[in-house]
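Remarks on the overall topology
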Amino acid sequence: MDLLIKNISQLLQTYRQTPPARLSGSQMADVPSVDNAWLLIRQGKIEDWGEMSNCPSFEGEVIDATGRLVFPGFVDSHTHIVFAAPREQEFVDRIRGLSYEEIAKKGGGILNSAGRLRETSEDDLFHSAMQRVKEVTAQGTVAIEVKSGYGLTTESELKMLKVIRRLKDALDMPVKSTFLGAHAIPAEYKEDRQGYIDLILNDMLPAVAKEGLADYVDVFCEKGFFTPEETKAVVQKGKELGMKPKIHANQLHRSGGVQTGVETGALSVDHLEEMGEQEINALKGSDTIATLLPGAAFFINTPYPPARDMLNAGLTLALASDYNPGSAPSGNMQLMMSLACVKMRMTPQEALNAATVNAAAAMEIESTHGTITPGKAGSVVITKPVSSLAYLPYSFGTNLVEHTVINGKVV
Ligand code: NIG
Ligand code: FE
């Protein structure tokens with residue numbers, strides 16, 4: 001699709017040549033921009049941009065973005081948007097004093113979602129997930145990673161991954177799929193954890209690989225869920241079968257998830273609410289991206305990741321929503337930016353870099369997304385009239401996206 005966006009009050013993330021593949025530490029403070037700009041998208045790709053004083057004449061669709069910002073669409077590199085049912089009763093139980101872990105121990109949490117998912121058809125899962133994609137697209141998301149992990153049997157894990165494959169086929173945007181069979185020990189293996197690990201290693205992973213259903217392998221490495229040793233075994237097998245690791249690490253405790261992720265060469269370690277100097281040092285000098293999920297910290301009321309310490313250490317921070325029915329029932333990346341700014345003291349520029357450039361790296365789409373660069377996908381956000389980038393996270397809870405453009409098409 002061809003589209004000219006003109007009179008843009010500020011075009012953000014403009015890199016004409018060799019855009020950064022990722023930004024770390026103090027590099028995250030800056031967002032290059034052009035005031036009073038135009039952006040031309042041809043055949044779905046960014047062709048060029050510049051100042052209005054040299055705006056090209058153009059025959060096709062034109063959008064006047066007077067008073068508005070334009071920036072690369074959000075990349076959400078960590079979600080669980082395939083699920084059968086919400087869990088608002090657990091939310092009420094937490095208000096009344098139960099913790100996320102206590103609810104999980106009683107058979108709620110992930111096991112609650114697994115029970116519901118097993119009873120739900122592939123078609124129904126697909127349609128409800130598609131609804132959620134539409135919702136987050138309207139909020140500015142243009143690429144998404146989606147995990148399995150609410151099946152916890154070979155059959156139901158494959159069912160989830162097939163739903164993700166249908167999303168990939170149906171959507172005109174990058175969708176990455178992650179196998180998360182090691183999300184929780186299902187009830188039927190409560191007395192036989194090794195039996196479940198063996199099922200993952202010898203049955204689930206080979207079946208997933210055989211059908212080419214997953215790009216990545218993930219493990220919930222956490223006290224009460226999977227140990228670092230178990231995580232390594234699953235990741236090792238996943239790697240042998242061509243899946244790179246992305247790990248749920250240090251959400252509830254300093255459980256060794258970060259170190260395990262770094263040791264196994266994970267693309268990212270995600271959550272990181274519980275971080276000490278050792279974990280930050282482990283990430284320093286590694287290629288593993290630190291993905292922060294402030295929606296989960298907000299919703300289940302845990303401490304937030306120490307983003308400033310991580311930035312001071314020069315780490316590469318990405319932001320994602322963790323959209324799921326238990327710990328983060330929102331995929332709104334604008335809200336994630338607000339939480340990043342208010343609760344983790346990231347600046348609006350750092351938050352935007354985390355949700356675009358670095359998030360694209362965290363799902364390996366940095367060559368096509370994350371910056372406004374000729375040749376990259378014409379997938380951008382046009383805001384409502386706003387005074388500056390800071391107004392976005394400042395005005396929390398409002399959808400300030402007027403148009404989401406995907407491959408040059410207003411959706
Ligand atoms: O990222 N922490 C593990 N997994 C999800 C939540 C799963 C759930 O509660 O359904 C997360 O927060
Ligand atoms: Fe998650």
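Just so we're clear, the structure is a prediction, and the values are computed from it rather than from any experiment.

Any two aromatic rings considered together are summarised by their centre-to-centre distance and by the angle between their planes. What the rule picks out here adds up to six aromatic pairs. Between Phe-71 and Phe-74, the aromatic rings sit 5.6 Å apart at their centres with planes inclined by 55°, giving tilted as the arrangement. What makes Phe-71 buried here is its relative accessible area of 0%. With a centroid separation of 4.2 Å and an interplanar angle of 35°, the aromatic rings of Phe-220 and Phe-225 are classed as tilted. Here the two residues Phe-220 and Phe-225 agree in accessibility, since each one is buried. It is Arg-132 that lies over the ring of Phe-83; its NZ or CZ is 3.5 Å from the centre. The ring of Phe-126 has Arg-166 lying over it, and the distance from NZ or CZ to the ring centre is 4.4 Å.

A separate point is the side chain of Asn-353. Checked against the element boundaries, Asn-353 lands in helix 13 (residues 348–355). Sequence-distant contacts of Asn-353, that is, excluding residues within four places in its chain, are made with Gln-13, Leu-23, Gln-27, Met-28, Asp-30, Val-31, Asn-358 and Ala-359.

In terms of nonpolar packing, the biggest core is built from 102 residues, with Leu-317 and Met-346 touching the most fellow members. Per-domain counts for this core show at least three residues from each of domain 1 (3–73 + 370–410) and domain 2 (75–362). Once residues within four sequence positions are removed from consideration, Met-346 is found in contact with Met-28, Leu-292, Ala-307, Arg-308, Leu-311, Leu-317, Ala-340, Cys-341, Ala-351 and Ala-354. If you look at the next biggest cluster of nonpolar residues, it comprises 17 residues, including Ile-5, Ala-65, Val-70 and Val-405.

Across the sheet, eight strands lie side by side as 6-7-8-9-10-11-12-13; this open sheet has parallel pairing. Edge positions in the open sheet fall to strand 6 (74–76) and strand 13 (317–319), since each of these has one partner strand only. Between one strand axis and the next, the sheet turns by 25° as a mean value, whatever way the strands run. Bridge count between strand 10 (residues 244–249) and strand 11 (residues 268–271): four bridges; the pairing is parallel. Each bridged residue has a counterpart across the sheet, and for Ala-249 the counterpart in strand 11 is His-271.

Time to look at unusual backbone geometry. The backbone phi angle of Leu-152 is positive, close to 65°, even though this residue is not glycine. Looking at Leu-152, the relative accessible area reads 0%, which means it is buried. In this structure, His-271 takes a positive phi of about 105° despite not being glycine. Tracing the sequence through the fold places His-271 in strand 11.

Let's shift gears to helix 6 (residues 193–210). In an α-helix there are 3.6 residues to a turn, and that puts residues three or four apart on one side. The terminal C-alpha atoms of helix 6, which comprises 18 residues, lie 25 Å apart, in line with the 26 Å expected from a rise of 1.5 Å per residue. Where helix 6 bends most, at Ile-200, the angle is about 35°. Gly-195, Tyr-196, Ile-197, Ile-200, Leu-201, Met-204, Leu-205, Ala-207 and Val-208 are the residues of helix 6 that are buried. Against the buried residues of helix 6 lie helix 5 (154–170), strand 8 (175–182), strand 9 (216–221) and helix 7 (228–240).

Quick look at the pairing of strand 12 (residues 289–292) now. In strand 12, alternate side chains face the same way, and those of Ile-289 and Thr-291 on one face and Ala-290 and Leu-292 on the other are all buried. Sheet topology places strand 11 next to strand 12; four bridges connect them, and they run parallel. Each residue of the ladder has a partner; that of Val-269, found in strand 12, is Ala-290. Remark: the strand 11/helix 9 (residues 277–283)/strand 12 crossover connection has right-handed handedness. Bridge count between strand 12 and strand 13: three bridges; the pairing is parallel.

Our focus in this paragraph is the site of ligand 1. In the vicinity of ligand 1, 15 residues are found, and the nearest of them are Tyr-100, Tyr-150, His-183, Gln-251 and Ser-327. Between ligand 1 and the protein, one listed contact pairs a nitrogen atom with a side-chain N or O atom of His-183 at 2.8 Å. A distance of 2.8 Å separates an oxygen atom of ligand 1 from a polar atom in the side chain of His-271. Summarising the interface, the protein chains cover 100% of the accessible area of ligand 1, which totals 330 Å² for the free molecule. For the shell around ligand 1, the residue count by class is four nonpolar, nine polar and two charged.

Calculation criteria
Residues numbered from 1 in each chain as written. Chains lettered and ligands numbered in written order. Predicted model: local features only at pLDDT ≥ 70, side-chain atom pairs only at ≥ 80, totals over all residues. Heavy atoms only, no water. Phe/Tyr/Trp six-rings, centres within 6.5 Å; stacked < 30°, edge-to-face > 60°. Buried < 20%, exposed > 50% of the residue type's maximum accessible area, 1.4 Å probe, protein only. Lys NZ or Arg CZ within 6 Å of the ring centre and 35° of its normal. Helix = DSSP H or I, 4+ residues; strand = E, 2+ residues; numbered from the N terminus. Contact = heavy atoms within 4.5 Å. Core = buried A, V, L, I, M, F, W, Y, C linked by side-chain atoms within 4.5 Å. Domains from an automatic or database assignment. Pairing = 2+ DSSP bridges. Axes fitted to C-alpha atoms, helices over the stretch in contact; angles between N-to-C directions. Expected span 1.5 Å × (residues − 1). Bend = angle between axes of the 7 residues up to and from the residue. Right-handed = clockwise from strand over helix to strand, strands pointing away. Near = heavy atom within 4 Å. Polar contact = N/O pair within 3.5 Å; in protein donor to acceptor, adjacent residues only side chain to side chain. Areas by Shrake-Rupley, 256 points an atom, 1.4 Å probe, with all protein chains shown as cover. Nonpolar A, V, L, I, M, F, W, Y, C, P; charged D, E, K, R; others polar.

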